[in-house]
Amino acid sequence: MPTILGQNQYGKAENRVVKIVRDGDTHHIKDLNVSVALSGDMDDVHYSGSNANVLPTDTTKNTVFAFAKEHGIESAEQFGIHLARHFVSSQEPIHRARIRIEEYSWERIATSDGNSKFIGADEVKHSFVRKGQETRVSQITYDGENWEVISGLKDLTVMNSTNSEFWGYVKDRYTTLKEAYDRILATDVSARWRYNWTSDEQRMPNWEKSYEQARKHMLHAFAETYSLSLQQTLYQMGSRIINSRSEIDEIRFSLPNNHHFLVDLEPFGLKNDNEVYFAADRPYGLIEATVLRDGVEPQIPVDMTNL
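Residues numbered from 1 in each chain as written. Predicted model: local features only at pLDDT ≥ 70, side-chain atom pairs only at ≥ 80, totals over all residues. Heavy atoms only, no water.

Trainee: Help me understand the overall build of the protein, please; the structure alone is not making it clear to me.
Mentor: When helices and strands are counted, the protein shows six helices and twelve strands. Burial statistics for the protein: of 307 residues in total, 44% are counted as buried. Of the contacts made within the protein by residues no fewer than 6 positions apart, 68% connect residues no fewer than 24 positions apart. Surface summary for the protein: the accessible area is close to 16,900 Å², and the carbon and sulfur share equals 46%. (Helix = DSSP H or I, 4+ residues; strand = E, 2+ residues; numbered from the N terminus. Buried < 20%, exposed > 50% of the residue type's maximum accessible area, 1.4 Å probe, protein only. Contact = heavy atoms within 4.5 Å. Areas by Shrake-Rupley, 256 points an atom, 1.4 Å probe, with all protein chains shown as cover.)

Here it is in structure tokens:
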């Protein structure tokens with residue numbers, strides 16, 4: 001029985017593009033996941049393998065990044081309009097372009113009054129926390145006499161668009177990473193902290209306020225630390241919580257380093273002045289450590305947050 005070709009389309013899916021707009025010291029983020037699907041006169045490529053009418057999916061990817069530079073990202077809708085119009089009007093075989101965009105929202109981190117002791121600045125306008133990602137977690141253990149309460153959060157996505165460096169590291173024959181003196185620092189915070197409340201004889205903490213304050217101090221430390229490594233930032237986050245909250249004795253972090261790589265736009269005659277990045281999700285560095293109050297023994301299992 002003969003067969004015929006039905007509906008078909010092709011393109012590059014999930015192009016993760018992050019656009020930083022630098023308005024002096026104030027930075028703005030547009031973070032998109034862009035999927036391109038093109039359809040038109042594509043019978044020959046399916047029947048005979050002829051690519052004469054095929055615009056490579058790699059080209060559609062490059063177009064997404066180049067348009068982020070050339071047109072900016074006023075809105076997800078406007079960016080998608082630019083892309084769809086371009087693909088249909090510039091390529092005769094392409095009759096239809098479908099652009100699907102997911103936008104990840106960020107809100108600016110409001111820093112504390114005392115952030116000058118971290119970076120020597122009166123205001124921080126380059127630190128953001130992703131909206132709608134955080135999950136609060138808690139583990140309660142009781143043996144009839146003693147309590148153990150370990151609380152925390154996961155999937156709290158944060159980013160510093162500057163004030164982060166990474167250099168002076170060990171290099172061997174397999175090292176290709178270039179030293180960075182101004183980079184994006186981003187991570188998905190997974191943290192567990194242990195309360196020193198263990199008995200009904202003790203005064204019970206205000207759990208809601210404690211969580212709220214621990215989260216606040218964690219974010220302030222992330223925003224206000226001029227980071228030379230993610231490890232340094234981790235330690236500052238843990239130290240700020242323990243120094244500020246007497247009911248917490250121990251905190252363990254698992255922080256993936258969500259790499260953002262500058263996209264090479266030179267092949268398209270465009271200069272990328274720390275504006276357009278590729279947000280890579282795998283592989284990633286994974287930084288983990290426990291921060292303790294002095295004199296306290298660690299009790300949070302190391303496998304509670306790691307892979």
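Trainee: Any chance you could explain the layout of surface pockets here in plain terms?
Mentor: The volume enclosed by the largest pocket comes to roughly 800 Å³. What lines the largest pocket is a set of 36 residues, among which D188, P256, N258, A280 and D281 lie closest to the centre. Counting residues per element, the ones that place at least two in the lining of the largest pocket are β1 (15-23), α2 (57-70), β7 (147-160), β8 (185-195), β9 (248-257) and β11 (276-279). Considering each element in turn, the lining of the largest pocket owes the most residues, five residues, to β8. Looking at the lining of the largest pocket residue by residue, the classes come out as 14 nonpolar, eleven polar and eleven charged. Reported here for the second largest pocket is a volume of approximately 660 Å³. Contributing to the lining of the second largest pocket are 21 residues, with L177, K178, A180, R183 and F261 lying nearest its centre. (1 Å grid on protein atoms, 1.4 Å probe; cavity = no way out; pocket = protein on both sides within 12 Å on 5 of 7 lines; lining within 4 Å. Points joined across faces, edges and corners; volume = space filled by probe spheres on them. Nonpolar A, V, L, I, M, F, W, Y, C, P; charged D, E, K, R; others polar.)

Trainee: Is there a simple way to think about a negative patch on the surface in this case?
Mentor: A grouping of D41, D43, D44 and E92 is seen on the molecular surface, where their side chains present a negatively charged patch. Residue placement: D41 occurs in the loop between β2 (26-40) and α1 (43-47). A relative accessible area of 42% means that D41 is categorised as partly exposed. (Patch = residues over 30% accessible without salt bridge, like charges linked within 9 Å, V, L, I, M, F, W, Y side chains within 5 Å. Salt bridge = Lys/Arg side-chain N within 4 Å of Asp/Glu carboxyl O. Lys, Arg positive; Asp, Glu negative; His and termini not counted. Charge placed at Lys NZ, Arg CZ, Asp CG, Glu CD.)

Trainee: Can you walk me through the nonpolar core in this structure?
Mentor: Most often, soluble globular proteins have nonpolar side chains that are buried together. In this structure, L156, V189, W193, M218, I251 and F253 are the most contacted members of the largest nonpolar core, which totals 30 residues. For this core, the secondary-structure elements that each account for two or more residues are β7, β8, α5 (207-224), α6 (230-244), β9 and β12 (285-292). With sequence-adjacent residues up to four places away left out, V189 is seen in contact with L153, K154, D155, L156, V158, M218, M237, F253, S254 and L255. L38, V64, A76 and F87 belong to the second largest nonpolar core, which has 26 residues in total. (Core = buried A, V, L, I, M, F, W, Y, C linked by side-chain atoms within 4.5 Å.)

Trainee: Just to check I follow, could you spell out the pattern of salt bridges for this structure?
Mentor: According to the stated counting rule, one finds twelve salt bridges in the structure shown. Across the pair K61 and D58 runs a salt bridge whose closest N-O atoms are separated by 3.0 Å. Separated by three residues within a single helix, K61 and D58 lie in helix α2, roughly one turn from each other. Assessed through its relative accessible area of 36%, D58 is described here as partly exposed. With a closest N to O distance of 2.7 Å, E250 and R194 form a salt bridge. Placement of E250 in strand β9 and of R194 in strand β8 is noted, with a sequence separation of 56 residues between them. For the pair shown, E250 and R194 are each scored as buried.

Trainee: Quick question: what am I supposed to make of the side chain of T233 here?
Mentor: Assignment of secondary structure puts T233 in helix α6. For T233, the side chain forms a polar contact with the side chain of S227, separated by 2.8 Å. Residues in contact with T233, not counting those within four places in the same chain, are L185, F222, T225 and S227. (Polar contact = N/O pair within 3.5 Å; in protein donor to acceptor, adjacent residues only side chain to side chain.)

Trainee: Where do I start with the confidence of the model for the protein in this structure?
Mentor: As a general rule, the predicted coordinates of low-pLDDT regions are not to be interpreted in detail. On average, residues of the protein score 93 in pLDDT, and 95% of them are at 70 or above. Put simply, helix α4 (residues 116-119) is where the protein has its lowest mean pLDDT, 52, and α6 is where it has its highest, 98. (pLDDT = per-residue confidence, 0-100.)

Trainee: Hey, could you run me through α2 in this one?
Mentor: Residues separated by three or four positions in an α-helix point in the same direction, a consequence of the helix having 3.6 residues per turn. Taking 1.5 Å of rise per residue, 14 residues should cover 20 Å, and α2 covers 20 Å from first to last C-alpha, within 8% of that figure. Those residues of α2 not exposed but buried are T60, T63, V64, F65, A66, F67 and A68. Where the residues of α2 are buried, they touch β1, β2, α3 (76-90) and β11. A positive phi of about 70° marks G72, the residue just after α2. (Expected span 1.5 Å × (residues − 1).)

Trainee: Would you mind showing me how to read α6 here?
Mentor: Taking 1.5 Å as the rise per residue, α6 with 15 residues should run 21 Å; its terminal C-alpha atoms sit 21 Å apart, in good agreement. Those residues of α6 lying buried are L230, T233, L234, M237, G238, S239, R240, I241 and I242.

Trainee: In this structure, what is going on with empty space enclosed by the protein? I would like to understand it.
Mentor: A full pass over the atoms with the stated rule returns one cavity of 30 Å³ or more. A volume near 40 Å³ is recorded for the largest cavity. Each residue belonging to the lining of the largest cavity can be placed in one class, and the counts come to four nonpolar, three polar and two charged.

Trainee: What is the right way to look at the sheet that holds β2 in this model?
Mentor: The strands making up a sheet associate through hydrogen bonds between their backbones, and the pairing can be parallel or antiparallel. Across the sheet, five strands lie side by side as β3-β2-β1-β11-β10; this open sheet has antiparallel pairing. At either end of the open sheet lies a strand with only one pairing partner, and these are β3 (94-103) and β10 (260-262). Each adjacent strand pair in this sheet contributes to an overall mean axis angle of 35°, direction not counted. Note that β10 and β11 share three bridges and pair antiparallel. (Pairing = 2+ DSSP bridges. Axes fitted to C-alpha atoms, helices over the stretch in contact; angles between N-to-C directions.)

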